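Here's the letter readout for the chains.
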Protein chains: 4
Amino acid sequence: MKPIRVTLRLQASRRCFSSTPTRREIRDINELPARIHPSYIETRHNDLLSLQWPSPPRNILLTKKDKSPHVTASLLEYAQHIQSTYPGVNILLERHTAEEVHTSLPFPIYTGSPSLFQAKVDLVSTLGGDGTILHASSLFATTRRVPPVLSFSMGTLGFLGEWKFKEYKRAFREVYMSGASDAYSSTHGEAPTSLSSSGDQGGAEKATTTGWSSLRGKSMGSSRGARVLLRNRLKISLHDPSGSRLSSASSTKSLTPPALDANNSEPHPQEFSPETDLYAMNELLLHRGSSPHLTHITISISGRPLTTAIADGMIVSTPTGSTAYSLSSGGSIVHPLVSSLLLTPVCPRSLSFRPLVLPANTAVSLRLEEGTRGGRVELSVDGVRRPEGVGVGMEVRVCGEEIRGRGRRSVGSDGEEEEWGTGGVPSVVRAAVGGGEDEDHWVGGLNGLLKFNYPFGEEEGV
Amino acid sequence: MKPIRVTLRLQASRRCFSSTPTRREIRDINELPARIHPSYIETRHNDLLSLQWPSPPRNILLTKKDKSPHVTASLLEYAQHIQSTYPGVNILLERHTAEEVHTSLPFPIYTGSPSLFQAKVDLVSTLGGDGTILHASSLFATTRRVPPVLSFSMGTLGFLGEWKFKEYKRAFREVYMSGASDAYSSTHGEAPTSLSSSGDQGGAEKATTTGWSSLRGKSMGSSRGARVLLRNRLKISLHDPSGSRLSSASSTKSLTPPALDANNSEPHPQEFSPETDLYAMNELLLHRGSSPHLTHITISISGRPLTTAIADGMIVSTPTGSTAYSLSSGGSIVHPLVSSLLLTPVCPRSLSFRPLVLPANTAVSLRLEEGTRGGRVELSVDGVRRPEGVGVGMEVRVCGEEIRGRGRRSVGSDGEEEEWGTGGVPSVVRAAVGGGEDEDHWVGGLNGLLKFNYPFGEEEGV
Amino acid sequence: MKPIRVTLRLQASRRCFSSTPTRREIRDINELPARIHPSYIETRHNDLLSLQWPSPPRNILLTKKDKSPHVTASLLEYAQHIQSTYPGVNILLERHTAEEVHTSLPFPIYTGSPSLFQAKVDLVSTLGGDGTILHASSLFATTRRVPPVLSFSMGTLGFLGEWKFKEYKRAFREVYMSGASDAYSSTHGEAPTSLSSSGDQGGAEKATTTGWSSLRGKSMGSSRGARVLLRNRLKISLHDPSGSRLSSASSTKSLTPPALDANNSEPHPQEFSPETDLYAMNELLLHRGSSPHLTHITISISGRPLTTAIADGMIVSTPTGSTAYSLSSGGSIVHPLVSSLLLTPVCPRSLSFRPLVLPANTAVSLRLEEGTRGGRVELSVDGVRRPEGVGVGMEVRVCGEEIRGRGRRSVGSDGEEEEWGTGGVPSVVRAAVGGGEDEDHWVGGLNGLLKFNYPFGEEEGV
Amino acid sequence: MKPIRVTLRLQASRRCFSSTPTRREIRDINELPARIHPSYIETRHNDLLSLQWPSPPRNILLTKKDKSPHVTASLLEYAQHIQSTYPGVNILLERHTAEEVHTSLPFPIYTGSPSLFQAKVDLVSTLGGDGTILHASSLFATTRRVPPVLSFSMGTLGFLGEWKFKEYKRAFREVYMSGASDAYSSTHGEAPTSLSSSGDQGGAEKATTTGWSSLRGKSMGSSRGARVLLRNRLKISLHDPSGSRLSSASSTKSLTPPALDANNSEPHPQEFSPETDLYAMNELLLHRGSSPHLTHITISISGRPLTTAIADGMIVSTPTGSTAYSLSSGGSIVHPLVSSLLLTPVCPRSLSFRPLVLPANTAVSLRLEEGTRGGRVELSVDGVRRPEGVGVGMEVRVCGEEIRGRGRRSVGSDGEEEEWGTGGVPSVVRAAVGGGEDEDHWVGGLNGLLKFNYPFGEEEGV
Ligand SMILES: NC(=O)C1=CN([C@@H]2O[C@H](COP(=O)(O)OP(=O)(O)OC[C@H]3O[C@@H](n4cnc5c(N)ncnc54)[C@H](O)[C@@H]3O)[C@@H](O)[C@H]2O)C=CC1
Ligand SMILES: NC(=O)C1=CN([C@@H]2O[C@H](COP(=O)(O)OP(=O)(O)OC[C@H]3O[C@@H](n4cnc5c(N)ncnc54)[C@H](O)[C@@H]3O)[C@@H](O)[C@H]2O)C=CC1
Ligand SMILES: NC(=O)C1=CN([C@@H]2O[C@H](COP(=O)(O)OP(=O)(O)OC[C@H]3O[C@@H](n4cnc5c(N)ncnc54)[C@H](O)[C@@H]3O)[C@@H](O)[C@H]2O)C=CC1
Ligand SMILES: NC(=O)C1=CN([C@@H]2O[C@H](COP(=O)(O)OP(=O)(O)OC[C@H]3O[C@@H](n4cnc5c(N)ncnc54)[C@H](O)[C@@H]3O)[C@@H](O)[C@H]2O)C=CC1
């Protein structure tokens, strides 16, 4: 039924825009203008940040849950709404999604290698569950500057998702306009001029004459700017026994087939490499995986050995991940704003390994010990197995990522500017109009989703 | 150093027995006399059973930890002691061990397919750790009547092992003589006559004229009989969605290489089959294994659905296994004499899955649900992965094995006799001379091995 | 509204029975005939027992939750139904209940000291929650033979209660008639003759000529006999440092006011005494109580020291109690048919005190150590604090009670007869007509009451 | 034996100082000069702060564990060392300690009401265990500016204590000199002039002409300055159902005897009052205490109801307290530098109350609900019961205390100055000479004291 309705709507759209077949093309990501970096301003009574665009976002990456016709239909509806309402905006899709949907859309879409996303994407919007958000985050797993993420939950609500799909119009507007009035005032009422780079072509050209001015009446003022929860990530690197950084390629190419991304059939573009760290939103996991034998993992904290765990595995988690795998392994629930790392063992052969919560800037190292029968364990980041695995003597180094310039506007120097507002996954959360009590999605999630302290015997009264 | 001492002793032995090269042969298990079944008598002030041989045991299976020269040397020493002190006794070894050691032994040894063990083995004696005991138990994983097991721990003490190797002379004597005086009195002082079957040849023939009579002076009386802790096992079967029993072969031959036994390189002889159940000493485990995704397992109790667990996996454990994997997963510690099953989830995605302890005779079923991404999970029995795995819709049925005739002597009827003393792994435990307080190996293991309630700050005083 | 309806009904009743003021009297428990002991027969496909009365029960003790007008109204309705339908039956109430309700009942009721209950009560029926059942059980805390207990939950369902109040007619009949056909057949069709003692007067006299014969048409046959779950209790005694048993009186009279029973304002009749053990249905608890300091408790198992716990307290629980306090303290959930004891620490100052499950016949001793600042801790049995408390050096000894003759009919000897069917709290459970799968109240309670493995995110679909 | 040695030493001391009886007096705290506030400077590679005195500390409060002759002897030794080596320093004692020891000291000591301590004490030094530190902290439970605390563990090491008593000379010097070179440089080489107030007399007068100059050769330079771990506290207030703050007096004077401090027999001077908050170093506990019944506590987070817990009690803990009561109740271990609050239930009647870790600035409220039978529960702060208790409808509000100006030197304005360096308990920790890996007392404590992940079977090898 749904697909039918969508098809009808699409036909209508085609007529409106008198779309021609040539417009249903897939364009190259390189044609898009350069990325616009927003800033995140501290707000007074609140630990959330306020999103501020210097000029309207133009390149929107949409990602979606796979193999769900219902979600695909929603994506089409959403993309068309954006395209028709915000004419300067370009829609960017992952390649497999682009191929799946482009014939159903009456305008060109963009795609390209995920490794180019970090240079182009102003805003990510996800349609799916927590897995889709984790996947979107993984597309920026090697950059310190993740674009803001606006997530819609489809069907079963996830813990990380904030918005219901039916709110998509309001939500997108809130994000798109965020900081608009500030920008106006800072430019003395002038509409921002074109910010597009010279390579700016195709669908992007519309942006040159619009900015927010064409949507001015729709501005919501800075007080209604989008609220952002900056979710800290882990910074992970892999080292051989001599301490040298390992790349994915050298260590395992021959051992295992390349890890397939959980959500599509392309190999994951971001892997460990000698040059870059890998960032995780939920957790790093070492696990015996398919080996029936216990792993022996020596944990060091700031270079000092803490203990050797004999266990199924070991989790280093963010507070965000505290409600994911770490929860199942017995970890405490940690609010995402507690700047910390969790160290939670998986099935430790010990009565006395209590989960630990460490300062976010702690350098944690996990080294695989000789005692590990089988000699190799699995390494997963945010639920995706890395082909590398970890061999005896190898070491995984983990640290909470540094958040620089949080809440502070840059003061001019170029060096500062570069680092300004980096770190974390800026997640757009639903902020109540009046602010205050209603806006804690996290508490709502504990009760509604995790069934936290679910009362005994309740339904008996019914 | 140890090997040298052993070699010297062996040379001495060779002289004593004037062994000839022909004696250093490996004989076939089929040449051994039929198995002798002991009975287990309840004792008054104690929950342990008293082992009673109707006539002296003759076929002793020795198993050992692999790849440890120290353990191999001990095995040689032990085998020679038995051979020289108890001339009617035949030494049976697993094939790979037989091949490894036969040239170092001045007498013939027996070997054969593990599937024949249950028809021949009177007594098993293990040298190694818990893994060696589990392996020995697995050799009898398809029979209801496991021979008594006498275990020596080598180096790192295990939780299941009772005896230190240096006690081997006393321990073996205690088991060998157990019930001797009773047997004599019941046969009016006569030495038991030959019980060997017609096929009895080779080393076995010595038994025909001895019984306990030659060792009479060494009898310790029934009051000093070996004490046995009957460790209940799980009875496991695998079923397809229609409820039919699955054999190992049909279900998976093509999918995975045959499971290699943890302790040797022979494929495991006992697998699921349409005819036989499989018995486990520690636990049955369903686990996501190498899949990164959560399993969905519906648990039924006595045919009634209890819950669908979304988890890394699920453990059904014996009380013996309560200090193994179940412990690591958060299960309670259950004394081996509590007739029960443990249901312990592994990393459940739930705040409210508390481990359960059920009556031993509960029929527990675990069915893999559609929701399981990947569609197949791993199945392990006592730490050994079964090649079958479990696919969506398949069901594992588990029940505590029935212990029949525990402690009750049969009263004559043949039918009764057949079932008499079946069920469980009869584990020979160390019984203090005066009985009483000292004999609880289990409490000792909690403190000494598991560091149960290990006091805070203790060593600070030192 | 309810009270009004009840009042109307009572007026109607009075008319029917032409009740006179003299009938609304409270009679003495000593006037009741002697108690009738049922037997409990093992059933084939089931671990529940079948209740068998040798002749119809006559003395029914009704207990109820206090301070609930709604429950009081139900009690009146229930009592009148019994009185009018089963004329040989006498209603016995606790004194404070008798005083509260006797003017509302058109027939005489009986009351007396709780210490006489065990000599008179054939059947207990409770109206309330788990607390009411625990209280009823406490009225038999010094006898080994607890009458069968038929429990109706009122309002919030409890975990121990089986029946909803609206089922009271069917439930009472089922219990009352249980074993009737057996009894008939065993007496060759004869109606059982009067079993009333000489002191039998008042309401009781009607029973003399009836038995089940007057209700014959209503018999349900033995196959429909009431099902009984025998809940094992703990046997508890208190000892001074020399090992002598302590009575309540000597140890504490002067220290604290007498413990008030949870459910009424009479002092608890059953206390520790040099002669008798005290039985508990849920648990024994030692706890720091009002002291802010940690307790030091040495736990011995079968006379052998296990460990010294430094904790808020220590629980020794029955399987029945495993869903009560022990659950809150992190203990596993143990099915009531697992013959065992649980040892669960309360807030232990240790990372490695895992809850233990021990065989029911284990002798557990808890001794308060010198280290306990304050020198005295609280002792509670089934949630009721005992005035004694426990001082340094004192010891509480606990063991699972022995169940004798479970399921076996006595074979004639008088000594046997006396012990026949003793031990445990015989709890009448709801048995499905066809038996089998539906009847496991326990599994139902896990899901419906304890929200066992309550699924994440469920209500989001709503 | 120890006391004897001490006595000898004291006699020697008396001779050295030619002490006269008049010097063995107890002087009034008001005679002491005003308190000197140090600052705490952030250090580069480290999360610890560097202690900086503007001028040498003069008023040292010594607290000790009670009822331990060994600790008293150490206190005498320590006090004499300070007095003889640092002549400008005055020794301040709690009244009961002053009375106990003054005759054994050859110089005057000071004492007075604890309410005056916060105006006078430059530095606290404790001799005892964690309880003594908690007690010392409680003496500053109503002020935001706790003096630095230098703790020596006596006998059984505590988790909060850093130093062994045998290190007292080095430790005290390190603290005393901390910041000396900085101070010199900031005053261009001049010795600081007298800072003593006019009331400065007796032992204090020596300070007037010294400063650090007399000890200059002993300066260790600022790089060797004392390292401080700022332990965040909880800020607690008590409110009646209308939201008004409650004082201790009004609410409970008549109900219970005044709470006696754990460590001495004086009533605690710091209680809840309408004006002041109460600070806790470990935790706030609401607990059923002597009531046998479950408490019903509604928890709100930032004004939004989270859940109603039905439990023995509820803990709101600091990270410091995460290894105290919260640990026993199943909470995670949280590093003291993680800015957070822990919410850990005590024996919750729920399967799904997982401990929570919240941002330190979260406003947590606990309100006692009607459902609580008994109607009143106990309230403890850092293990000391408050006489108030909490009645139905009353609310306890808790928040992590704000740390202002951490690591930032004040920039001149008086208002700033006042708040400069406030918040937390500045705990002097042992810093390794070279800094770096060795200095993490916390990791050492996990292993050495809490036996974190204590390995199985270790001692078996011995
Ligand atoms: N035993 C367990 O609890 C396991 C958990 N996981 C978790 O799943 C994550 C990967 O997610 P998917 O790719 O969707 O795998 P998936 O499809 O197996 O789903 C994992 C579940 O975790 C939930 N989830 C993910 N992140 C969460 C968070 N931060 N807070 C609360 N719930 C969260 C999802 O909603 C989903 O219900 C991993 O990062 C890991 O944390 C993965 C394997 C086992
Ligand atoms: N995370 C965990 O705790 C894991 C536990 N296992 C356990 O290991 C068993 C297989 O043992 P191995 O082949 O030796 O594997 P292994 O060499 O990996 O050793 C498992 C460890 O468990 C100990 N163990 C085994 N059975 C025990 C028992 N009943 N009570 C106390 N400790 C026991 C052994 O002494 C050894 O230390 C499995 O049955 C399973 O229970 C297996 C994998 C993971
Ligand atoms: N923190 C806790 O969990 C505490 C538990 N209790 C339990 O309460 C019992 C006394 O009950 P009441 O007098 O009614 O006190 P209560 O009115 O304080 O209620 C205790 C709660 O425990 C439930 N309960 C009692 N026995 C149970 C069982 N065997 N299985 C499952 N739930 C059970 C009751 O339904 C009630 O909800 C004690 O025997 C003790 O087990 C008592 C105090 C604290
Ligand atoms: N069941 C439990 O675990 C209980 C714990 N406590 C704790 O005791 C504290 C009061 O201490 P005391 O007056 O000495 O009472 P206490 O003499 O009863 O000792 C409590 C124990 O806790 C230790 N401790 C205190 N604070 C600690 C910390 N922050 N980290 C690690 N260990 C710590 C002490 O060393 C001592 O071993 C309370 O704040 C509370 O946290 C109090 C009562 C019960």
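Treat the numbers as computed from the prediction; the structure is a model and nothing was measured.

J.: Just checking my understanding: could you explain the overall build of chain A for this structure?
T.: Each helix and strand counted, chain A has 11 helices and 23 strands in total. Per-residue burial over chain A gives 61% buried out of 462 residues. Carbon together with sulfur atoms contributes 52% to the accessible area of chain A, which is approximately 17,200 Å² in total.

J.: Explain the relation of the copies chain D and chain A to me, please; I cannot follow it from the model alone.
T.: Turning one copy of the chain about an axis and sliding it along that axis gives the other copy, so a rotation and a shift relate them. Mapping chain D onto chain A calls for a rotation angle of 180° and an axial translation of 0.0 Å; the resulting RMSD is 0.0 Å. With respect to symmetry, the two chain copies, as superposed, fit the operation of a two-fold axis. For chain D, the residue whose C-alpha comes nearest the rotation axis is D:Ser332, separated from it by 3.1 Å. A shared binding surface is used by both copies, with 100% of the interface residues of chain D retained as interface residues in chain A.

J.: How should the site of ligand 2 be read in this particular structure?
T.: Lining the immediate surroundings of ligand 2 are 21 residues, of which A:Arg373, B:Asp130, B:Glu283, B:Thr323 and B:Ser328 lie closest. Chain contributions to the surroundings of ligand 2 come from chains A and B. Measuring from an oxygen atom of ligand 2, one finds a side-chain N or O atom of B:Asp130 at 2.7 Å. A distance of 3.4 Å separates an oxygen atom of ligand 2 from a polar backbone atom of B:Gly383.

J.: Teacher, can you tell me more about the packing of helix H2 (residues 69–85) of chain A against helix H6 (residues 168–177) of chain A here?
T.: Two measures define how a pair of helices packs: the angle their axes make with one another and the distance between the axes. Residue and element names in this part refer to chain A. The contact between H2 and H6 brings their axes to 11 Å, and the two run at 45°. In terms of axis orientation, H2 runs oblique to H6. Of the two possible hands of crossing, H2 and H6 adopt the one that is right-handed. Together, Glu77, Tyr78, His81 and Ile82 of H2 and Tyr168, Lys169 and Phe172 of H6 make up the contact between the two elements. Of the residues belonging to the contact of H2 with H6, the class tally is four nonpolar, one polar and two charged.

J.: Could you clarify how one ought to interpret the site of ligand 1 in this entry?
T.: Around ligand 1 sit 21 residues in total, of which A:Asp130, A:Glu283, A:Thr323, A:Ser328 and B:Arg373 are the nearest. Among the chains of the assembly, those with residues near ligand 1 are chains A and B. Contact with the protein chains covers 88% of the free accessible surface of ligand 1, which is 770 Å². Breaking the shell around ligand 1 down by element, the ones donating at least two residues are helix H5 (130–138) and helix H9 (325–328) of chain A. Broken down by element, the residue count for the shell around ligand 1 peaks at three residues, all from H5(A). Looking at side-chain class alone, the shell around ligand 1 contains eight nonpolar, seven polar and six charged residues.

J.: Help me understand unusual backbone geometry, please; the structure alone is not making it clear to me.
T.: Among all residues save glycine, negative phi is the norm, and among peptide bonds the norm is trans. In this structure, A:Asp382 takes a positive phi of about 50° despite not being glycine. Looking at the secondary structure, you find A:Asp382 in the loop between strand S20 (376–381) and strand S21 (384–391). You will see that B:Lys451, though not glycine, has its phi angle at about 55°, which is positive. By the element assignment, B:Lys451 lies in the segment after helix H11 (441–448).

J.: Explain the environment of B:Leu105 here, please?
T.: Residue and element names in this part refer to chain B. Summarising the element assignment, Leu105 is placed in the loop between helix H3 (95–101) and strand S6 (109–111). In this structure Leu105 comes out as buried when scored by relative accessible area, which is 0%. Linking Leu105 and Glu25, residues 80 residues apart in sequence, is a C-alpha distance of 9.0 Å.

J.: Please clarify how the interface of chain D and chain A should be interpreted in this entry.
T.: Where interface size is given, it is often the accessible area lost as the parts come together that is meant. Residue-level contacts link 45 residues of chain D with 45 residues of chain A. Taking both partners together, chain D and chain A bury about 3,800 Å²; carbon and sulfur atoms supply 56% of that area. It is D:Arg304, D:Arg354 and D:Asn453 in chain D that bury the most area against chain A; as a group they hold 19% of the surface buried on that side. The tally of links between chain D and chain A comes to zero salt bridges.

J.: It is not clear to me how the pattern of salt bridges should be interpreted in this structure. Could you clarify?
T.: Scanning the entire structure with this criterion turns up 47 salt bridges over all chains. The closest approach of N and O atoms between A:Arg397 and A:Glu395, which form a salt bridge, is 3.1 Å. C:Glu378 serves as the salt-bridge partner of C:Arg385, at 3.1 Å between the closest nitrogen and oxygen. What you see here is one network of salt bridges that share partners, running through A:Glu167, A:Arg170, A:Glu174 and A:Arg430.

J.: I tried to follow the pairing of strand S3 (residues 49–52) of chain C on my own but got confused; where do I start?
T.: The side chains of a regular strand alternate between the sheet's two faces. Residues and elements named next belong to chain C. Along S3, one buried face is formed by Leu49 and Leu51 and the opposite face, lined by Ser50 and Gln52, is buried too. Both strand S2 (residues 39–42) and S3 contribute to a ladder of four bridges, which runs antiparallel. Of the residues in S3, the one forming a bridge with Ile41 is Ser50. Pairing between S3 and strand S10 (residues 227–231): two bridges, direction antiparallel. Bridged to Ser50 within S10 is Arg227.

J.: How do you make sense of helix H11 (residues 441–448) of chain C when you look at a structure like this?
T.: Given 3.6 residues per helical turn, the α-helix brings residues three or four places apart onto the same face. Taken together, the buried positions of H11(C) are C:Trp442, C:Val443, C:Gly445 and C:Leu446. Mapping the buried residues of H11(C) onto a view down its axis gives an arc of 160°, with all of them on the same face. Summarising the contacts, the buried residues of H11(C) are in contact with strand S14 (295–301), strand S15 (304–317) and strand S18 (356–359) of chain B together with strand S16 (333–334) of chain C.

J.: Would you mind going over the state of the cysteines with me for this structure?
T.: The bond known as a disulfide is covalent and runs between the sulfur atoms of two cysteines. For the coordinates displayed, the defined rule picks out zero disulfides over all chains. For the unlinked cysteine D:Cys347, the closest cysteine sulfur is that of C:Cys347, found at 4.8 Å. Among the residues examined, D:Cys347 registers a relative accessible area of 5% and is labelled buried.

J.: Please clarify how the packing of aromatic side chains should be interpreted in this entry.
T.: Aromatic ring pairs are reported here in terms of the distance separating the ring centres and the angle at which the planes meet. All names here are of chain D. Taken as a whole, this structure holds 42 aromatic pairs over all chains when the rule is applied. Relative to Tyr176, the ring of Phe172 has its centre 6.0 Å away and its plane inclined at 25°; by these criteria the two rings are stacked. A residue pair is termed a helical-turn pair when its members lie 3 or 4 positions apart in one helix, as Phe172 and Tyr176 do in helix H6 (residues 168–177) at four residues. For the pair Phe172 and Tyr176, one class covers both residues: buried. Above the ring of Trp163, the side-chain terminus of Arg430 is found at 5.5 Å from the ring centroid.

J.: Just to check I follow, could you spell out helix H6 (residues 168–177) of chain C for this structure?
T.: Within H6(C), eight of the 10 residues are buried, leaving the element largely enclosed by the surrounding structure. Two residues or fewer after H6(C) comes C:Gly179, characterised by a positive phi angle close to 90°.

J.: I keep staring at the side chain of A:Ser326 and nothing clicks. Help me out?
T.: Residues and elements named next belong to chain A. Tracing the backbone shows Ser326 in helix H9. A polar contact is formed between the side chain of Ser326 and the side chain of Thr344, at a distance of 2.9 Å. Ignoring sequence-local partners within four residues, the contact set of Ser326 consists of Ile315, Ser317, Gly321, Gly331, Leu342 and Thr344.

J.: How should I be thinking about the environment of B:Asn453 in this particular structure?
T.: As for its position among the elements, B:Asn453 is in the segment after H11. In contact with B:Asn453, not counting residues within four places along its chain, are C:Thr307, C:Thr308, C:Ala309, C:Ser350, C:Ser352 and C:Phe353. A distance of 3.1 Å separates a polar atom in the side chain of B:Asn453 from a polar atom in the side chain of C:Ser350.

J.: So what exactly am I meant to see when it comes to the pairing of strand S4 (residues 59–64) of chain D here?
T.: Residue and element names in this part refer to chain D. With six of six residues buried, S4 is to be regarded as a mostly interior element. Here S4 shows no split at all, with Asn59, Leu61 and Thr63 on one side and Ile60, Leu62 and Lys64 on the other all buried. Across four bridges, S4 lies against strand S5 (residues 90–93) in parallel orientation. Its bridge partner being in S5, Leu61 is matched across the sheet by Leu92. Assessed by its sense of winding, the connection that carries the chain from S4 through helix H2 (residues 69–85) to S5 is right-handed. Where S4 lies against strand S7 (residues 123–128), five bridges are found, and the strand directions are parallel. From the neighbouring strand, Ile60 faces S7, where its bridge partner is Leu123.

Reading the values: rules and limits
- Residues numbered from 1 in each chain as written.
- Chains lettered and ligands numbered in written order.
- Predicted model: local features only at pLDDT ≥ 70, side-chain atom pairs only at ≥ 80, totals over all residues.
- Heavy atoms only, no water.
- Helix = DSSP H or I, 4+ residues; strand = E, 2+ residues; numbered from the N terminus.
- Buried < 20%, exposed > 50% of the residue type's maximum accessible area, 1.4 Å probe, protein only.
- Areas by Shrake-Rupley, 256 points an atom, 1.4 Å probe, with all protein chains shown as cover.
- Least-squares fit on C-alpha atoms with pLDDT ≥ 70 in both.
- Contact = heavy atoms within 4.5 Å.
- Near = heavy atom within 4 Å.
- Polar contact = N/O pair within 3.5 Å; in protein donor to acceptor, adjacent residues only side chain to side chain.
- Axes fitted to C-alpha atoms, helices over the stretch in contact; angles between N-to-C directions.
- Parallel < 35°, antiparallel > 145°, perpendicular 65-115°, else oblique.
- Left-handed = near helix turned anticlockwise from the far one by under 90°.
- Nonpolar A, V, L, I, M, F, W, Y, C, P; charged D, E, K, R; others polar.
- Buried area = accessible area lost by both parts, 1.4 Å probe.
- Salt bridge = Lys/Arg side-chain N within 4 Å of Asp/Glu carboxyl O.
- Pairing = 2+ DSSP bridges.
- Arc of directions from axis to C-beta.
- Disulfide = S-S within 2.5 Å.
- Phe/Tyr/Trp six-rings, centres within 6.5 Å; stacked < 30°, edge-to-face > 60°.
- Lys NZ or Arg CZ within 6 Å of the ring centre and 35° of its normal.
- Right-handed = clockwise from strand over helix to strand, strands pointing away.

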